[in-house]
Amino acid sequence: NGEIVADGLPRVVTGDDLGFRADFVSGLIIFYKNRHPVAEMEGLKGELYPAVIYANDNYSATIHTNAKERLQVPSFDTSVLPAEIELSDYDMVARNTSGSGYPTVRAASRYRTGSFFFEIAVDALEQGGFLLMGIGSLNMPENREYMPSEKYNAYGYSAAGELVAL
């Protein structure tokens, strides 16, 4: 199972922006909250996709874009979308419609070389609610657990202020 590699980081609330910069050359991933670095991890490798894991219903996140870079920003992937996730706004907004499990939605683009930045806005998250934003393997949407098993090869920052390596 996954390992909490850091805790006591800033908690996430509605209105926060969460992001990460992944560098496959150095193997470093840096997590950001409201555009300020909060934690980093080493060991990044493989072919990975940006992803968001939800718990509880009506939680929502929007992929950040800006006009200059819009074509370079991936949307959420409709081909592996769990039934519990509803997409809107050109597949840039994902909302959990279920009150059970931990459905996962991932971006349509995968990365394995170079470096990139990915950011979401937390549109709706109740106090004490769970959301994990990070990067994981192709099969991340199969996730239905809080801490997926090692087969998911994932790294994430949770709303509880934890950094998780899976």
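In this text the structure is predicted, and so the values were computed from the model without any measurement.

**Here we look at the sheet that holds strand S12 (residues 155–158)**
- The sheet built from six strands is open, its strands ordered S1-S13-S12-S11-S5-S9 with antiparallel pairing. Each of the sheet's edge strands pairs with one partner strand only, and the pair in question is strand S1 (3–6) and strand S9 (104–106). Each strand axis lies, on average, 25 degrees off the axis of its neighbour in the sheet, ignoring direction.

**Topic: the pattern of salt bridges**
- All chains considered together, the criterion is met by six salt bridges.
- A salt bridge links glutamate 47 to arginine 110, with the shortest nitrogen-to-oxygen separation between them at 3.0 Å. Of the two residues, glutamate 47 is situated in the loop between strand S4 (36–42) and strand S5 (49–54) and arginine 110 in the loop between S9 and strand S10 (115–124); the sequence distance between them amounts to 63 residues.
- Judged by relative accessible area, which is 30%, glutamate 47 ranks as partly exposed.
- Close ionic contact of aspartate 77 with arginine 106 constitutes a salt bridge, the shortest N to O distance being 2.9 Å. Of this pair, aspartate 77 sits in the loop between strand S6 (60–63) and strand S7 (85–88) while arginine 106 sits in strand S9; the two residues are 29 residues apart in sequence, bridging distant segments of the chain.
- Here aspartate 77 falls in the buried class, since its relative accessible area comes to 11%.

**Details of the sheet that holds S4**
- With antiparallel pairing, the seven strands of this open sheet are ordered in space as S4-S3-S2-S10-S6-S8-S7. Either end of the sheet is taken by a strand with one partner, and the two such strands are S4 and S7. Ignoring which end each strand starts from, the neighbouring axes of this sheet average 20 degrees apart.
- The pairing of strand S2 (residues 17–23) with strand S3 (residues 28–33) spans six bridges and is classified as antiparallel. Paired with arginine 21 across the strands is isoleucine 30, a residue of S3.

**Description of the environment of arginine 21**
- Residue position: arginine 21 is located in strand S2.
- Note on arginine 21: relative accessible area 37%, which makes it partly exposed.
- For arginine 21 and tyrosine 32, which are eleven residues apart along the polypeptide, the C-alpha to C-alpha distance reads 8.2 Å.

**Here's the deal with the environment of valine 52**
- In this structure, valine 52 sits in strand S5.
- Owing to a relative accessible area of 0%, valine 52 belongs among the buried residues under this scheme.
- Along the backbone, valine 52 and serine 158 are 106 residues apart, and their C-alpha atoms lie at a distance of 9.6 Å.
- Those residues in contact with valine 52, other than ones at most four positions away along the chain, are Phe76, Pro103, Thr104, Val105, Ile120, Leu131, Leu132 and Met133.

**As for the pairing of S4**
- The sheet contact formed by S3 and S4 spans six bridges and is antiparallel. Within the sheet, the bridge partner assigned to leucine 28 lies in S4 and is glutamate 42.
- Taking the residues that link successive antiparallel strands as the turn, the S3-S4 hairpin has two residues, and the phi of asparagine 34 there is positive, at about 50 degrees.

**Let's talk about the nonpolar core**
- Grouped together as the largest cluster of nonpolar side chains are 37 residues, with contacts concentrated most on Phe20, Phe31, Tyr54, Ile120, Leu131, Met133 and Ile135.
- With four residues, S10 is the largest single contributor of residues to this core.
- Core analysis: the next-biggest nonpolar cluster, separate from the first, contains six residues, Ile53, Phe130, Leu132 and Leu166 among them.

**Points about the packing of aromatic side chains**
- Enumeration according to the criterion identifies seven aromatic pairs in this entry.
- In textbook terms, an aromatic cluster arises when at least three aromatic residues are bridged by ring pairs, as seen for Phe20, Phe24, Phe31, Tyr111, Phe116, Phe118 and Tyr157.
- It is arginine 106 that lies over the ring of tyrosine 49; its NZ or CZ is 4.0 Å from the centre.

Calculation notes
Within any chain, residue numbers begin from 1 and follow the written order of that chain's sequence. Local features in this predicted model are restricted to residues whose pLDDT is 70 or higher, and side-chain atom pairs enter the listing and the counts only when it is 80 or higher, whereas totals over whole chains, interfaces and linings include all residues. Based on all heavy atoms of the structure, the side-chain values leave hydrogens and waters out of the count. What makes two strands pair is DSSP finding at least two bridges between them. Only runs of H or I of at least four residues qualify as helices and only runs of E of at least two qualify as strands under DSSP, and these elements are numbered from the N terminus. Axis definition: a line fit to C-alpha positions, over the contact stretch in the case of helices; interaxial angles, taken between N-to-C directions, run 0 to 180 degrees. The working definition used for a salt bridge is a side-chain nitrogen of Lys or Arg within 4 Å of a carboxyl oxygen of Asp or Glu. The classification of residues rests on relative accessible area computed with a 1.4 Å probe and restricted to protein chains. Under 20% of the type maximum is buried, over 50% is exposed, and intermediate values are partly exposed. Contact between two residues is taken to exist if any of their heavy atoms lie within 4.5 Å; hydrogens are not considered. The definition of a nonpolar core used throughout is a set of buried Ala, Val, Leu, Ile, Met, Phe, Trp, Tyr and Cys residues joined through side-chain atoms within 4.5 Å. Any two of the Phe, Tyr and Trp rings considered here, Trp counted by its six-membered ring, make a pair once their centres fall within 6.5 Å; the pair's planes then place it as stacked at under 30 degrees, edge-to-face at over 60, or tilted in between. For a lysine, the NZ atom is tested; for an arginine, the CZ atom; a charge sits over a ring if that atom is within 6 Å of the ring centre and within 35 degrees of the ring normal.

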